[in-house]
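# Descriptive structure summary
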Protein chains: 2
Amino acid sequence: MRPTVHDIAAAAGVSLATVDRVLNQRPGVRQATRRKVEEAIREIGYVRDVAAANLAKSRVYPLVFILPTSDNSFMHGVLEEVKQAVARSGGERTAIRVIEVPAFDPSAIVAALQGLASEKPAGVALVATDAPEVRAAVDDLVAAGVSVVTLVSDLTGSRRHHYAGVDNIAAGRTAAHLLGRFLGAKEGEVAVLAGSMLVRDHRERLEGFAALMAEQFPQFSLLPVVEGRDDPELVNVLINATLSKNPRVIGIYSLGAGNRGLIKSLKESRPQRDLTVVAHELTAHTRSALKDGLIDAILNQDAGHEVRSAIRVMKAKADGLAIIPAQERIRLDIFLKDNLP
Amino acid sequence: MRPTVHDIAAAAGVSLATVDRVLNQRPGVRQATRRKVEEAIREIGYVRDVAAANLAKSRVYPLVFILPTSDNSFMHGVLEEVKQAVARSGGERTAIRVIEVPAFDPSAIVAALQGLASEKPAGVALVATDAPEVRAAVDDLVAAGVSVVTLVSDLTGSRRHHYAGVDNIAAGRTAAHLLGRFLGAKEGEVAVLAGSMLVRDHRERLEGFAALMAEQFPQFSLLPVVEGRDDPELVNVLINATLSKNPRVIGIYSLGAGNRGLIKSLKESRPQRDLTVVAHELTAHTRSALKDGLIDAILNQDAGHEVRSAIRVMKAKADGLAIIPAQERIRLDIFLKDNLP
DNA sequence: AATTTTTTGATTTACGTACATCAGATTTGG
DNA sequence: CCAAATCTGATGTACGTAAATCAAAAAATT
């Protein structure tokens, strides 16, 4: 049996009430007594039974997700996973709310974050846009005692407690590695399609990709980045233009969303061009393109894992508890035709 | 506020005691009343508060892991993860015990399983050896109300509740896909190194690998499988022999353990031979070999995730609760030099 | 209708913690 | 040294469920 508050009281030679005052940092305990109790806690290795404590407090964790209203499958997937988490919220003692903000708009995120300052939820998870004012707003929330987790795209330099997303530099390098080796002895140009260079995760992917290509596969030259704003229509137009303008393109790295447009272009160019393609995010569209051989590999981050991890971390941080780092590491999944889930 | 037992009692027009009798399937309730209560439960959507229930019952989940005493890094990793789970057992209300049995020995597993029949733990997780008598022993345990999870290697046809491990056929196919594409335009022979064809996971990996090679890359011929019994020394000898006997070998798929021996061989052959290698299980040895370019890709199953998943599933099944399937899916990780964790 | 059996209700204690109240003890300041 | 302020103890209630006891009611049996 693990020790209880009663055991601390006995060990420290004080009453239950005093132990309670120390544990819940309530006033009315002399320094000396407080130390004595803390000593006993350490000695017998007491850890608060969170389940019982939450029961006694009728505690619920009010959590907020701030998500961009992007019209792409990946963000829809994230939203879907949050909704499923809402469905489970009873058993997990969470009360989850979603705030949708326009994409690529720092001020909207800032407004949302500031609106939360008074509400003081237990935790906030946000898909961060990389801007100083967002950083400041996040820091303010952290200072106010809210646990903050960045989702999908990080906000380095801020005081956020945790980042639930993949290492995007490694993702870019991995894409380069796959593309380079799949292309093998061929020679030609490689095109890169991004959403926006304003988003940190896209910048990082490009950075990793370009670095490894230069290091390991100098025989392929990179075309200037095409920014499709994660918009399928725009992507389709841009990729068509790129392909017709550059006949030597033999590989494409799509590091953002809006792959529906890319796939359309690939289909149209199919008989004439032999393209090796690495894309991000497993969606219904990219999945079937992978199966059909239009795409050669998909790099993915599991939205479900990210959302569940963010919730676990927000809860743990709200209670000042430790997490299991390995469990919360978001992995970069590599999908080929043959290991689709 | 979610409904409580009191709400059911009120809704069904019965007393708390009757609700309790129905909920915990205690005798002394007429069929008609029982139905009335169950109706109310459904109507108002009551779900038992597991935390409160466990508190009231002072419940602990006695769990048992049956692991083979294999001298390879992967199994050591599994054991290590179980130990870490033991360290967390206080907060998770688990009491975990490990039984070590000789590897590749069905009768030892059967003996262990039968020994547990009287003890009746809440759950048992085992690395199954694929044999009819093991299947029977597992089915007996399931019949006795113990939740059983197979770990790493499955036991199809048995009544185990869950399998916490990767899809090994897909793993083999993925290995073939990577090896085939990495080899590109080259021609030659491919060697396959396994631990033992007695273990289901190894058989399945081979099956997937051979099938995809035949389908997609007929230009490479497969050498007969080499069985290294997951023993580094033996593997080293066997691979050396294979390489010197077959000068046309250009690729190796190592689907089992004992890769320390393989890596030694690769190092020795390095200047003369240009080999493309895909191996399983990320360990200290395979990791550094990947970094050094001796191995081109590593397929991995995360032992930590497997163990934590097995525990979650055993607990849930013991309470007759649902799991989140996506959360419990064990992914096949593909590691290249650039996405190592 | 009387008796036995079965079913139901009312009540209590417990799990480990939180939180509040009030009385009593100890310390502090003057 | 006494009053005031501060600290500590004792006690009770609550959270949602489990489990037990005993009395009362209803049903089934004779």
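None of these values were measured; they are calculated from a predicted model. (Residues numbered from 1 in each chain as written. Chains lettered and ligands numbered in written order. Predicted model: local features only at pLDDT ≥ 70, side-chain atom pairs only at ≥ 80, totals over all residues. Heavy atoms only, no water.)

As a structural note, the neighbourhood of DNA strand D is formed by 28 residues, with Thr18(A), Arg30(A), Thr33(A), Tyr46(B) and Arg48(B) the closest of them. Put simply, 70% of the atoms of DNA strand D that lie within 4 Å of the protein are in sugar or phosphate. Residue contributions to the surface near DNA strand D peak at four residues, all from helix 4 (residues 50-57) of chain B. Classifying every residue of the surface near DNA strand D by side-chain character gives 10 nonpolar, nine polar and nine charged. (Near = heavy atom within 4 Å. Helix = DSSP H or I, 4+ residues; strand = E, 2+ residues; numbered from the N terminus. Nonpolar A, V, L, I, M, F, W, Y, C, P; charged D, E, K, R; others polar.)

Bringing the domain arrangement of chain A into the picture now. For chain A, the assigned domains read domain 1 (5-48), domain 2 (57-165 + 303-330) and domain 3 (168-300). Measuring from the centre of the C-alpha atoms in domain 1 of chain A to the corresponding centre in domain 3 of chain A gives 60 Å. (Domains from an automatic or database assignment.)

Time to look at the packing of aromatic side chains. Counted according to the given criterion, the structure contains five aromatic pairs over all chains. Centroid distance Phe217(B) to Phe220(B): 6.3 Å. Interplanar angle 35 degrees. Geometry classified as tilted. Look at Phe217(B) and you get buried, because its relative accessible area is 11%. Positioned above the aromatic ring of Phe182(B), the side-chain terminus of Arg181(A) is 4.3 Å from the ring centre. (Phe/Tyr/Trp six-rings, centres within 6.5 Å; stacked < 30°, edge-to-face > 60°. Buried < 20%, exposed > 50% of the residue type's maximum accessible area, 1.4 Å probe, protein only. Lys NZ or Arg CZ within 6 Å of the ring centre and 35° of its normal.)

This part covers the relation of the copies chain A and chain B. It takes a turn of 180 degrees to lay chain A on chain B, together with a shift of 0.1 Å along the axis; the resulting RMSD is 0.2 Å. Such a combination of turn and shift is consistent with a two-fold rotation axis. Both copies contact each other with a shared surface, as 100% of the interface residues of chain A are interface residues in chain B too. (Least-squares fit on C-alpha atoms with pLDDT ≥ 70 in both. Contact = heavy atoms within 4.5 Å.)

A few words on the protein's contact with DNA strand C. Close to DNA strand C lie 28 residues, the nearest being Arg48(A), Ser15(B), Thr18(B), Arg30(B) and Thr33(B). Residue Arg26(A) places a side-chain N or O atom 3.1 Å away from a phosphate oxygen belonging to DNA strand C. At the level of elements, helix 1 (5-12), helix 2 (16-23) and helix 4 (50-57) of chain A together with helix 2 (16-23) and helix 4 of chain B are the ones that each hand at least two residues to the surface near DNA strand C. In terms of residue count, helix 4 of chain A provides more of the surface near DNA strand C than any other element does, four residues in total. Looking at the surface near DNA strand C residue by residue, the class counts come to 10 nonpolar, nine polar and nine charged. (Polar contact = N/O pair within 3.5 Å; in protein donor to acceptor, adjacent residues only side chain to side chain.)

Taken residue by residue, the interface counts 36 residues in chain A and 36 residues in chain B. A combined buried area of about 3,400 Å² lies between chain A and chain B, and 50% of that area is made up of carbon and sulfur atoms. Three residues stand out in chain A for area buried against chain B, namely Arg181(A), Arg331(A) and Asp338(A), and they jointly supply 22% of the buried area on that side. For the interface between chain A and chain B, the tally reads 10 salt bridges. Across the salt bridge formed by Arg181(A) and Asp296(B), the nearest N and O atoms sit 2.5 Å from each other. Inspection of the chain A/chain B interface yields 16 residue pairs in polar contact (both at pLDDT 80 or more). Elements that contribute at least two residues to the side of chain A that touches chain B include exactly helix 4, helix 6 (89-92), helix 9 (168-183), helix 14 (303-318), helix 15 (325-328) and strand 12 (333-335) of chain A. (Buried area = accessible area lost by both parts, 1.4 Å probe. Salt bridge = Lys/Arg side-chain N within 4 Å of Asp/Glu carboxyl O.)

All names here are of chain B. Interhelical geometry of helix 1 (residues 5-12) versus helix 3 (residues 31-44) gives an angle of 120 degrees and a closest axis separation of 9 Å. Judged by the angle between their axes, helix 1 and helix 3 are oblique. In the crossing of helix 1 with helix 3, the sense of the turn from one axis to the other is right-handed. Between helix 1, through Asp7, Ile8, Ala11 and Ala12, and helix 3, the contact on the second element is made entirely by Lys36, Val37, Ala40, Ile41 and Ile44. In the contact of helix 1 with helix 3, the residues fall into seven nonpolar, no polar and two charged. (Axes fitted to C-alpha atoms, helices over the stretch in contact; angles between N-to-C directions. Parallel < 35°, antiparallel > 145°, perpendicular 65-115°, else oblique. Left-handed = near helix turned anticlockwise from the far one by under 90°.)

Note on sheets: strands pair through backbone hydrogen bonds, and any given pair is parallel or antiparallel. Residue and element names in this part refer to chain B. Pairing is parallel across the open sheet formed by five strands, whose spatial order is 2-1-3-4-5. Looking at strand neighbours, the two that pair on one side only are strand 2 (94-101) and strand 5 (162-164), the edges of this open sheet. Between one strand axis and the next, the sheet turns through 20 degrees on average, direction left out of account. Here strand 3 (residues 123-126) pairs with strand 4 (residues 147-151) via four bridges, running parallel. By the bridge assignment, Val124 is partnered in strand 4 with Val148. In this fold helix 7 (residues 106-119) packs onto strand 1 (61-68), strand 2 and strand 3, with an angle of close to 150 degrees to the strand it touches most, strand 2. (Pairing = 2+ DSSP bridges.)

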